Amino acid sequence: MNFQNQSAGYGGFSQRLDSAFGMFCLWDTAAYKHIHTVDEWEKVFSGRRAFEKEIAAHRLAPIYFYGFGWYRFCVCPAGQINLQDMESPLISEPYLLHVKGDLCLCGIEYIGSHSQYFHRMLLKAAPGAYSITAVLPQKSQGTRQQDFCDVLLLLQKPRLHEKYRLYPSTFYPLDNQD
């Protein structure tokens, strides 16, 4: 996996992002290139079932931990991180994402071409399937603020027979029940 726009953080890249809705998503830009207005966005994401349909189609991976505001996200290939070295991280089940265009990370309200680009992290990755795992690391003593990521996203090629999460809540089983 070779990202073309690497910058900092865990051997990948990082950016501070916001969401007024409290939900972030990693998504395929080709899947939502038809969204140019808020009305078009609402047609795709109107209601929980519509959103779950997008997850099941593997067009987006939600990062939803019930947090509003600004967070620093770091994205990197999974092989560059040793989770055993972290102090009590919260680790999600993986989501599956099929990519035909670029990857984009942003608040759910910024999916599509109708929003401001400074609210997004655009990632140039090869087309194909990716397994996405989210990690909420604990800040260790001695960690400098500029080195800390609030949310770490690990990308890797899917493993054979891996089970993928299909629910919006990334870390909590609360929404696994109907």
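Only a predicted model underlies this, so the values are computations on that prediction, with no experimental measurement involved.

Chemist: Looking at this structure, I do not really get unusual backbone geometry. What am I missing?
Modeler: Trans peptide bonds make up the majority, and among non-glycine residues the majority have a negative phi. Unusually for a residue other than glycine, His58 sits at a positive phi of about 65°. Inspection of the secondary structure assignment puts His58 in the loop between helix H2 (48-56) and strand S3 (60-64). Phi angles above zero are rare outside glycine, and Tyr66 is one such case at about 60°. With respect to the secondary-structure elements, Tyr66 resides in the loop between S3 and strand S4 (69-77).

Chemist: Explain the packing of aromatic side chains to me, please; I cannot follow it from the model alone.
Modeler: Aromatic ring pairs are defined here through the distance separating the ring centres and the angle between the ring planes. Counted by the stated rule, this structure contains 10 aromatic pairs. Note on Phe65 and Tyr71: the rings are 5.0 Å apart at their centroids and 85° apart in plane angle, and the pair reads as edge-to-face. In terms of burial, Phe65 and Tyr71 fall into one category: buried. Over the aromatic face of Tyr130 sits the side chain of Lys157, whose NZ or CZ is 4.6 Å from the ring centroid.

Chemist: Hey, could you run me through the state of the cysteines in this one?
Modeler: Here a disulfide denotes a covalent bond joining the sulfur atom of one cysteine to the sulfur atom of another. Counted under the stated rule, the structure contains 1 disulfide. Across the disulfide from Cys74 sits Cys149; the S-S distance is 1.4 Å. One end of the pair, Cys74, is in strand S4; the other, Cys149, is in the loop between strand S9 (128-136) and strand S10 (151-156), with 75 residues separating them in the sequence. Here Cys74 falls in the buried class, since its relative accessible area comes to 0%. Residue Cys149 is classed as buried on the basis of its relative accessible area of 0%. For the unlinked cysteine Cys25, the closest cysteine sulfur is that of Cys106, found at 6.9 Å. Among the residues examined, Cys25 registers a relative accessible area of 0% and is labelled buried.

Chemist: Which parts of the structure should I look at to understand the nonpolar core?
Modeler: Counting residues in hydrophobic clusters, the biggest one holds 44 residues, and the most contacted among them are Phe45, Phe73 and Ile111. For this core, the leading source of residues is strand S2 (residues 23-28), giving 5 residues. Setting aside residues up to four positions removed in sequence, Phe45 forms contacts with Tyr32, Ile35, Ala50, Phe51, Glu54, Leu60, Ile108 and Ile111. Grouped together as the second largest cluster of nonpolar side chains are 9 residues, Ala78, Ile81, Val135 and Leu152 included.

Chemist: How should the environment of Ser19 be read in this particular structure?
Modeler: Note on placement: Ser19 falls in strand S1 (residues 13-19). Apart from the residues lying within four places of it in its own chain, the contact partners of Ser19 are Phe24, Phe68, Gly69, Gly107, Ile108 and Glu109. Within the local environment of Ser19, its side chain forms a polar contact with the backbone nitrogen of Phe21, the two atoms lying 3.2 Å apart. Of note is the side chain of Ser19, whose polar atom sits 3.1 Å from the backbone oxygen of Met23.

Cut-off values and rules
- Residues numbered from 1 in each chain as written.
- Predicted model: local features only at pLDDT ≥ 70, side-chain atom pairs only at ≥ 80, totals over all residues.
- Heavy atoms only, no water.
- Helix = DSSP H or I, 4+ residues; strand = E, 2+ residues; numbered from the N terminus.
- Phe/Tyr/Trp six-rings, centres within 6.5 Å; stacked < 30°, edge-to-face > 60°.
- Buried < 20%, exposed > 50% of the residue type's maximum accessible area, 1.4 Å probe, protein only.
- Lys NZ or Arg CZ within 6 Å of the ring centre and 35° of its normal.
- Disulfide = S-S within 2.5 Å.
- Core = buried A, V, L, I, M, F, W, Y, C linked by side-chain atoms within 4.5 Å.
- Contact = heavy atoms within 4.5 Å.
- Polar contact = N/O pair within 3.5 Å; in protein donor to acceptor, adjacent residues only side chain to side chain.

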